[in-house]
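Residues per chain are reported as follows:
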Amino acid sequence: MRKGIHPENYRMVAFKDMSNDDVFLTRSTVNTKETLDVDGVEYPLVKLEISRSSHPFYTGKTKLIDTAGRIDKFKTKYAKFKK
């Protein structure tokens, strides 16, 4: 591996899944302005929409989220092509 191309500022960061409030800690170089207190220690916070604790592939549960009737709009739009 080439030297001098990897960041040096790794630190512990809290990642929070906003769909189920799961929090996990890992080392990262991501920049963030928010913080979160975990077990009495304050960590930089990164908010996620989906993570391993809520993704259907890892949980084995399928979840259908129909925002503003997108599925119905799709079905009616392409119903005319159905034979």
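Note that this is a predicted model, so its numbers are computed, not measured.

Parameters at a glance
- Residues numbered from 1 in each chain as written.
- Predicted model: local features only at pLDDT ≥ 70, side-chain atom pairs only at ≥ 80, totals over all residues.
- Heavy atoms only, no water.
- Patch = residues over 30% accessible without salt bridge, like charges linked within 9 Å, V, L, I, M, F, W, Y side chains within 5 Å.
- Areas by Shrake-Rupley, 256 points an atom, 1.4 Å probe, with all protein chains shown as cover.
- Salt bridge = Lys/Arg side-chain N within 4 Å of Asp/Glu carboxyl O.
- Helix = DSSP H or I, 4+ residues; strand = E, 2+ residues; numbered from the N terminus.
- Buried < 20%, exposed > 50% of the residue type's maximum accessible area, 1.4 Å probe, protein only.
- Contact = heavy atoms within 4.5 Å.
- Phe/Tyr/Trp six-rings, centres within 6.5 Å; stacked < 30°, edge-to-face > 60°.

Turning our eyes to something else, we now look at a nonpolar patch on the surface. A surface patch of nonpolar side chains, amounting to about 360 Å² of accessible area, comprises Phe74, Tyr78 and Phe81. In this structure, Phe74 sits in helix H2 (residues 70–78).

If you trace the backbone, Phe15 turns up in strand E1 (residues 11–17). Take Phe15: its relative accessible area is 14%, and that puts it in the buried class. In sequence terms Phe15 and Val46 are 31 residues apart; their C-alpha atoms lie 4.8 Å from each other. Setting aside chain neighbours within four positions, we find Phe15 in contact with Asp22, Val23, Phe24, Thr26, Ser28, Val30, Val46 and Leu48.

Two aromatic rings are characterised by how far apart their centres lie and by the angle between their planes. Here the structure, examined in full by the defined rule, presents 1 aromatic pair. An angle of 15 degrees between the planes, with centres 5.6 Å apart, marks the rings of Phe15 and Phe24 as stacked. Accessibility classification places Phe15 together with Phe24 in one group, the buried group.

Once that is clear, we can look at the pattern of salt bridges. What the rule picks out here adds up to 1 salt bridge. The closest approach of N and O atoms between Lys47 and Glu34, which form a salt bridge, is 3.2 Å. Of this pair, Lys47 sits in strand E4 (residues 41–48) while Glu34 sits in the loop between strand E2 (22–28) and strand E3 (35–38), and the two are 13 residues apart along the sequence. Taking relative accessible area as the criterion, Lys47 reaches 45% and is therefore assigned partly exposed. Residue Glu34 is classed as partly exposed on the basis of its relative accessible area, which comes to 40%.

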